[in-house]
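Tertiary structure, described
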Amino acid sequence: MDSVQRLNLFLISLLLLCSAICLTILVPFYAAEALGRGVTVTQSGQVIGSIFIVNIILTPLVTRYIPVVGARTLLLTGCMVCAVGNIGYSLLATVWDTDQFFFLSLLGRVVVGAGDSATSATAYTLAGQQAGEGDQGKVLGLAEACFGVGTMIGPCVGGFLYQRWGFGVPFMSCGIVLLIVGIVSCFFLTNLSENNKDTSSKAVTWSHILMSDGVLVSMLMVVMASSAFAWYTASLAPYLSTTYGLSVGQTGLVLMVNGLVYTFFTPVFGWLTDTWLDGMTTQIVGNLLIAVSYMFIGPIPPLQALGLGGHVWVLVVAVGVQGLGSAALYLGSLLHMMRAVAGQGEQSHGMVSSLWCMAEWGGAYAGASLGSWSYDTVGFPTGTMVEGGLVMVVTILVMGAAIWG
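Rules behind the numbers
- Residues numbered from 1 in each chain as written.
- Predicted model: local features only at pLDDT ≥ 70, side-chain atom pairs only at ≥ 80, totals over all residues.
- Heavy atoms only, no water.
- 1 Å grid on protein atoms, 1.4 Å probe; cavity = no way out; pocket = protein on both sides within 12 Å on 5 of 7 lines; lining within 4 Å.
- Points joined across faces, edges and corners; volume = space filled by probe spheres on them.
- Nonpolar A, V, L, I, M, F, W, Y, C, P; charged D, E, K, R; others polar.
- Phe/Tyr/Trp six-rings, centres within 6.5 Å; stacked < 30°, edge-to-face > 60°.
- Helix = DSSP H or I, 4+ residues; strand = E, 2+ residues; numbered from the N terminus.
- Buried < 20%, exposed > 50% of the residue type's maximum accessible area, 1.4 Å probe, protein only.
- Lys NZ or Arg CZ within 6 Å of the ring centre and 35° of its normal.
- Axes fitted to C-alpha atoms, helices over the stretch in contact; angles between N-to-C directions.
- Parallel < 35°, antiparallel > 145°, perpendicular 65-115°, else oblique.
- Left-handed = near helix turned anticlockwise from the far one by under 90°.
- Contact = heavy atoms within 4.5 Å.
- Patch = residues over 30% accessible without salt bridge, like charges linked within 9 Å, V, L, I, M, F, W, Y side chains within 5 Å.
- Areas by Shrake-Rupley, 256 points an atom, 1.4 Å probe, with all protein chains shown as cover.
- Salt bridge = Lys/Arg side-chain N within 4 Å of Asp/Glu carboxyl O.
- Polar contact = N/O pair within 3.5 Å; in protein donor to acceptor, adjacent residues only side chain to side chain.
- Core = buried A, V, L, I, M, F, W, Y, C linked by side-chain atoms within 4.5 Å.
- pLDDT = per-residue confidence, 0-100.

What follows concerns empty space enclosed by the protein. A full pass over the atoms with the stated rule returns 3 cavities of 30 Å³ or more. Estimated volume of the largest cavity: approximately 410 Å³. The wall of the largest cavity is formed by 24 residues, among which Thr24, Thr151, Phe229, Ala230 and Thr233 lie closest to the centre. Among the residues making up the lining of the largest cavity, the classes are represented as 15 nonpolar, 6 polar and 3 charged. Considered as a void within the structure, the second largest cavity measures approximately 50 Å³ in volume. Lining the second largest cavity are Leu16, Ser19, Asp116, Thr119, Ser120, Tyr124, Phe147, Trp356, Cys357, Glu360 and Trp361.

Right, let's get into the packing of aromatic side chains. Counting across every chain of the model gives 16 aromatic pairs. Ring geometry for Tyr232 against Tyr294: centres 6.3 Å apart, planes inclined by 25 degrees, an arrangement best described as stacked. Of this pair, Tyr232 sits in the loop between helix H10 (215-230) and helix H11 (236-244) while Tyr294 sits in helix H13 (residues 279-297), and the two are 62 residues apart along the sequence. Residues Tyr232 and Tyr294 agree in their burial class; the two are buried. Each ring, one from Tyr330 and one from Trp356, has its centre 6.1 Å from the other, and the planes form 85 degrees; the classification is edge-to-face. Of the two residues, Tyr330 sits in helix H15 (residues 312-340) while Trp356 sits in helix H16 (residues 346-377), which places them 26 residues apart along the sequence. On the basis of relative accessible area, Trp356 is assigned to the buried category, the value being 1%. Through pairs of rings, three or more aromatic residues link up here, namely Phe29, Tyr30, Tyr89, Phe101, Tyr162, Phe167 and Phe171. The aromatic ring of Phe167 is capped on one face by Arg37, whose charged end is 5.9 Å from the ring centroid.

So, about unusual backbone geometry. Following Gly298, the chain continues to Pro299 via a peptide bond in cis, the omega torsion being -10 degrees. By the element assignment, Pro299 lies in the loop between H13 and helix H14 (301-305).

It is worth spelling out the packing of helix H1 (residues 3-24) against helix H6 (residues 98-128) at this point. As a packed pair, H1 and H6 sit with axes 10 Å apart at the nearest point and diverge in direction by 150 degrees. Comparing the axis directions of H1 and H6 gives the class roughly antiparallel. Seen along the crossing, H1 lies across H6 with a hand that is left-handed. Along its contact with H1, which presents Leu9, Ile12, Leu16, Ser19, Cys22 and Leu23, the element H6 presents Arg109, Asp116, Thr119, Ala123, Tyr124, Leu126 and Ala127. Here the contact of H1 with H6 is built from residues that sort into 9 nonpolar, 2 polar and 2 charged.

Here we come to the side chain of Thr59. Looking at where Thr59 falls in the secondary structure, it is placed in helix H3 (residues 41-64). Given the relative accessible area of 0%, Thr59 is considered buried. Non-local contacts of Thr59, meaning those with residues more than four positions away in its chain, are made with Ser117, Ala121, Ser354 and Met358.

We now examine a nonpolar patch on the surface. The grouping of Leu7, Phe10, Met172, Ile176, Ile180, Ile183, Val184, Phe187 and Phe188 at the surface amounts to a nonpolar patch, some 860 Å² of accessible area in total. Here the element with the most residues in the nonpolar patch is helix H8 (residues 168-188); it accounts for 7 residues. On the secondary structure map, Leu7 appears in helix H1.

Further remarks concern the side chain of Gln283. Tracing the chain through its elements places Gln283 in helix H13. Accessibility expressed as a relative area gives 0% for Gln283, which makes it buried. In this structure the side chain of Gln283 is engaged in a polar contact, spanning 3.1 Å, whose partner is the side chain of Ser218. In this structure Gln283 touches Ser218, Met221, Ala328, Leu329, Gly332, Ser333 and His336, once residues within four positions along its chain are discounted.

Here we take up the nonpolar core. Counting residues in hydrophobic clusters, the biggest one holds 116 residues, and the most contacted among them are Phe167 and Leu315. In terms of residue count, H15 provides more of this core than any other element does, 12 residues in total. In contact with Leu315, other than residues within four places in its own chain, are Leu236, Tyr239, Leu240, Tyr244, Val254, Phe296 and Ile297.

This paragraph deals with the layout of surface pockets. Space inside the second largest pocket adds up to approximately 180 Å³. Taken together, Asp213, Gly214, Val217, Leu220, Met280, His336, Val398, Ala401 and Ala402 form the lining of the second largest pocket. At the level of elements, H10 and helix H17 (380-404) are the ones that each hand at least two residues to the lining of the second largest pocket. Considering each element in turn, the lining of the second largest pocket owes the most residues, 3 residues, to H17. In the lining of the second largest pocket, the residues fall into 6 nonpolar, 2 polar and 1 charged.

Within the secondary structure, Leu15 sits in helix H1. In the structure, Leu15 is positioned 108 residues away from Ala123 in sequence and 8.3 Å away in space, judged by C-alpha atoms.

Time to look at the confidence of the model for the protein chain. Low-pLDDT portions of the prediction should not be read for the details of their coordinates. On average, residues of the protein chain carry a pLDDT of 86, and 95% of them reach 70 or more. Mean pLDDT values for the elements of the protein chain range from 79 in H14 up to 94 in H8. Of the regions scoring below 50 in pLDDT, residues 195-201 engages in 3 contacts with residues more than four places distant in sequence or in other chains.

Quick look at the environment of Pro60 now. By secondary structure assignment, the location of Pro60 is in helix H3. Note: C-alpha distance between Pro60 and Trp206 (146 residues apart in sequence) is 9.5 Å.

It is worth spelling out the pattern of salt bridges at this point. Within this structure, the stated rule accounts for 3 salt bridges. Glu33 is the partner of Arg37 in a salt bridge, and the nearest nitrogen-oxygen pair spans 2.4 Å. Assessed through its relative accessible area of 4%, Arg37 is described here as buried. Using a relative accessible area of 13% as the deciding quantity, one classes Glu33 as buried. Each of Lys138, Asp274 and Arg339 takes part in one network of salt bridges that share partners.

Here it is, written out as structure tokens:
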């Protein structure tokens, strides 16, 4: 890579870092703050998960305009919208009415989600342009690792700022930082495809992309992993507080374990997929690890009967194993889908990135909503047992199809 490509990759990775912080900064404290205003854990899950629905709806629309306005313009626009949304979210600190707090929380997440849909649909496409085909695993692994750093830092920083200065400061701080990064990127980020436009006149359709080898299966695997990733976003904080007496800051540290392992191993799997591991194998290994981790996060009722309940270290190790599995699954699936449309132009890669993000957001919304609902109805351990079992069944079916297909 030359100096321009290195600078581009740095700025794209920085934007992904800040975007991930914006998405996860509320996880350690929002549910507890909402409970104090009369909002249930199920409603909190709907608020947290609403951003995923927004991404599912808007990501295909964003992708459609990549050839018209360019990936760079859409990336920077999404960055600015996301920053403004977070700054506006800080004003919720002054709202105490239950219905108003719930409605405005949803509205704020919709705005942030609108910005994130543009960011997520274009960032990986631009990152992939910074290196040749043989190094895409390393480049995308680095970019995704920065997103992982954001998911790790977000809950920790959010919990710390919330405990020191209250509800509004985490969102205000995050929004201002993202705004500054976006302004700097406006001057220094270059879209290399502007100098080498895709001259192919053949229209690329969604059906063509979906029917490409392994795309639909990879999307299914991403849906399952993402549902597990978001399953306890609204319920982990109250569960750790009532079961182990952990504070908001300590909950952020538990979530940090997932992000730390994910961040470290994403570039490792990027290197492995560039050398000898294929994308489908990496996905299967990743989801198997996630399924196993979910047996111990609660832990599930049968393991509690064996004496593994009541030990917070078991949960922490399980969260770390989930981070390892997520690193393999997300990187492996993105590369597998990208390689399925190799050589078909920037729009094809943008459409693949959008499908990947839509699968991620769809699974995350289902996970956040069902996870919080299961916490209110059957409890945390039973809910995680059901989720882990579903991930395991789907992964075994995919593995069987891969072996005998």
